[in-house]
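Examination of the molecular architecture
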Amino acid sequence: TLPIAALSASVVAKLHEVAEHHGGKVPLHGRLFGQWLHFAFPRDCKYPHLSGTTTSATGEEWFQQSGVQAYVTQEEAQSYIASVGPSVGTSASDLQGEQDESMCSVNMWKLEEQL
């Protein structure tokens, strides 16, 4: 987890956007704050999808619906890991750049609240 001081300007701006949406306050129990937490700390906080926009499926159900296996083999996992390269030793400034890019390019930020 990054220290608070290491949060990028775009992540902090999104928190201000949440506050503006609620008249200057950030409801801690709302979906928007949960969404902000996900973008600020993606490894620690899951993305809060809007209610009714996702469904769960077992691995078998997923395969029946999509034709794609819900798992990979050990070899496939190793191949993927090798293709993305090492992440150990990533600097805080590199992580900030990743935060900025994921915040802006993923298009997962939805300014829709659910309390």
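The structure we're discussing is the one just above.
In short, a report on the structure. (Residues numbered from 1 in each chain as written. Predicted model: local features only at pLDDT ≥ 70, side-chain atom pairs only at ≥ 80, totals over all residues. Heavy atoms only, no water.)

When helices and strands are tallied, the protein chain shows five helices and zero strands. Order of helices (α) and strands (β) in the protein chain, N terminus to C terminus: α-α-α-α-α. Per-residue burial for the protein chain yields a buried fraction of 24% across its 115 residues. Of all intrachain contacts in the protein chain linking residues separated by at least 6 positions in sequence, the fraction that spans at least 24 positions is 65%. Here the protein chain has roughly 8,200 Å² of accessible surface; of this, 56% comes from carbon and sulfur atoms. (Helix = DSSP H or I, 4+ residues; strand = E, 2+ residues; numbered from the N terminus. Buried < 20%, exposed > 50% of the residue type's maximum accessible area, 1.4 Å probe, protein only. Contact = heavy atoms within 4.5 Å. Areas by Shrake-Rupley, 256 points an atom, 1.4 Å probe, with all protein chains shown as cover.)

Its place among the elements puts W109 in the segment after α5 (92-105). Overall, W109 belongs to the buried group, its relative accessible area being 11%. Sequence spacing of W109 and K14 is 95 residues, and the spatial spacing of their C-alpha atoms is 9.0 Å.

Another point: the packing of aromatic side chains. Taken as a whole and judged by the stated rule, the model has two aromatic pairs. Ring centres 5.9 Å apart and planes at 15° place the aromatic pair F33 and W36 in the stacked group. Taken together, the positions of F33 and W36, both in helix α2 (residues 31-40) and three residues apart, correspond to about one turn of that helix. Exposure class is identical for F33 and W36. Each is buried. (Phe/Tyr/Trp six-rings, centres within 6.5 Å; stacked < 30°, edge-to-face > 60°.)

A few words on helix α1 (residues 9-21). Counted at 1.5 Å a residue, the expected span for α1 with its 13 residues is 18 Å, and the 18 Å between its end C-alpha atoms agrees. Positive phi appears at G23, one or two residues downstream of α1, with a value of about 70°. (Expected span 1.5 Å × (residues − 1).)

Looking now at the packing of α1 against α2. Running from amino to carboxyl end, α1 crosses α2 at an angle of 180°, the nearest separation of the two axes being 10 Å. Considering the angle they form, α1 stands roughly antiparallel to α2. Contacts from V11, V12, K14, L15, V18 and H21 of α1 reach α2 at L32, F33, W36, F39 and A40. For the contact of α1 with α2, a count of residues per class yields nine nonpolar, one polar and one charged. (Axes fitted to C-alpha atoms, helices over the stretch in contact; angles between N-to-C directions. Parallel < 35°, antiparallel > 145°, perpendicular 65-115°, else oblique. Nonpolar A, V, L, I, M, F, W, Y, C, P; charged D, E, K, R; others polar.)

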